[in-house]
Amino acid sequence: LERAPSDVDTLWAATSTGRIFVSKNAKTAAPPAVVFHRIDDDATAPDDPPRSPNDIFVDPNDPNHAWIVYSGYNAKTPATPGHVFEVRYVPEASTFTVLDGHKINGYGDIPAQSIVVTPRGTIYVANDYGVVVKEPSSDVWKLSPAGLPSMLVTDLVYVPEKDGLYAGTHGQGVWFLKVQ
């Protein structure tokens, strides 16, 4: 689950089977009245992989824009490869754009754990081998700058007040990187 920072009525949700839902009335006082719209069905979003999403990062300025990362391997879903997607919610016409679909761009077939997008548009993705980064003007993924671990990173948190990225590992603590 991830609520849109700019609109508390918008809530993004995912299931372990790869289903993605968006609610535009999540703040309603009567929980049974909350309506979720499924946006991953084959007709409107053919690029969405049927694998478990691990994290959703909603654009702080646009509640209908998010990035979603998926676990699993492309070999399990060869018709829908990719682990990092930019998603635009539009009723009946949502789009999933794969950001890591080519082996030549440096990402590879690595399950993604967590995602953060800085205000400058730099994308950081945690995976089984550390953290990779994609600059806004590039299609290439590269290892994060020195200061983050080269091991399983399970969670990323961006703290705007510190202009810093925290990376939580499995068994090796929390690391901090000042982002540029």
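The present account deals with the structure reproduced in this document. Given the structure is predicted, the values throughout are model-derived calculations rather than measurements. (Residues numbered from 1 in each chain as written. Predicted model: local features only at pLDDT ≥ 70, side-chain atom pairs only at ≥ 80, totals over all residues. Heavy atoms only, no water.)

### Considerations on the overall build of the protein chain
At step 1: If you tally the helices and strands in the protein chain, you get 0 helices and 15 strands.
At step 2: The C-alpha atoms of the protein chain give 16 Å as radius of gyration, which agrees with the globular expectation for 180 residues (16 Å, within 12%).
At step 3: Projected onto the principal axes, the alpha-carbon positions of the protein chain cover approximately 45 × 40 × 35 Å.
At step 4: Across the 180 residues that make up the protein chain, the buried fraction comes to 45%.
At step 5: Long-range pairs, those at least 24 residues apart, make up 40% of the contacts in the protein chain between residues at least 6 apart in sequence.
At step 6: Taken as a whole, the protein chain presents about 9100 Å² of accessible surface, with 56% of it coming from carbon and sulfur.
At step 7: Taking the average location of the 14 positive side-chain charges in the protein chain and that of its 21 negative ones, the two points are 3 Å from each other. (Helix = DSSP H or I, 4+ residues; strand = E, 2+ residues; numbered from the N terminus. Rg over C-alpha atoms; globule rule 2.2 N^0.38 Å. Buried < 20%, exposed > 50% of the residue type's maximum accessible area, 1.4 Å probe, protein only. Contact = heavy atoms within 4.5 Å. Areas by Shrake-Rupley, 256 points an atom, 1.4 Å probe, with all protein chains shown as cover. Lys, Arg positive; Asp, Glu negative; His and termini not counted. Charge placed at Lys NZ, Arg CZ, Asp CG, Glu CD.)

### So, the sheet that holds strand S1 (residues 2–4)
At step 1: Read across the open sheet, the 4 strands follow the order S1-S2-S3-S4; overall the sheet is antiparallel. Two strands in the sheet have a free side with no partner beyond their single neighbour: S1 and strand S4 (36–38). In this sheet, adjacent strand axes meet at a mean angle of 25° when their direction is disregarded. (Pairing = 2+ DSSP bridges. Axes fitted to C-alpha atoms, helices over the stretch in contact; angles between N-to-C directions.)

### Re the nonpolar core
In globular proteins that are soluble, nonpolar side chains generally tend to be buried together.
At step 1: Formed by 27 residues in total, the largest nonpolar core has its most connected members in Val125 and Leu156.
At step 2: Counting only elements with at least two residues in this core, the list comes to strand S6 (65–70), strand S9 (112–117), strand S10 (123–127), strand S11 (130–134), strand S13 (153–159) and strand S14 (164–169).
At step 3: Apart from residues lying up to four places away in sequence, Val125 is in contact with Val69, Val84, Tyr107, Ala112, Ser114, Ile115, Gly130, Val131, Val132, Trp141 and Leu156.
At step 4: Ranked by size, the runner-up nonpolar core spans 15 residues in total, among them Ala4, Ala66, Ile68 and Phe85. (Core = buried A, V, L, I, M, F, W, Y, C linked by side-chain atoms within 4.5 Å.)

### Considerations on the sheet that holds strand S8 (residues 95–98)
At step 1: Overall, antiparallel pairing links the 4 strands, which are arranged S5-S6-S7-S8 in an open sheet. Of all the strands in the sheet, the pair left with one neighbour each is strand S5 (53–58) and S8. Each adjacent strand pair in this sheet contributes to an overall mean axis angle of 25°, direction not counted.
At step 2: Inspection of the sheet shows S6 paired to strand S7 (residues 84–88) by 5 bridges, in the antiparallel sense. Bridging across to S7, Val69 finds its partner in Val84.

### Structural notes on the pattern of salt bridges
Side chains carrying opposite charge are able to pair once their charged atoms draw close together.
At step 1: Scanning all chains against the criterion turns up 5 salt bridges.
At step 2: The salt bridge involving Arg88 is made with Asp62; its shortest N-O contact spans 3.9 Å. Here Arg88, found in strand S7, pairs with Asp62, found in the loop between S5 and S6; they are 26 residues apart in sequence, far enough to count as distant.
At step 3: Linking Asp163 and Arg120 is a salt bridge whose minimum nitrogen-to-oxygen distance equals 3.0 Å. Highlighted residues: Asp163 in the loop between S13 and S14 and Arg120 in the loop between S9 and S10, separated in sequence by 43 residues. (Salt bridge = Lys/Arg side-chain N within 4 Å of Asp/Glu carboxyl O.)

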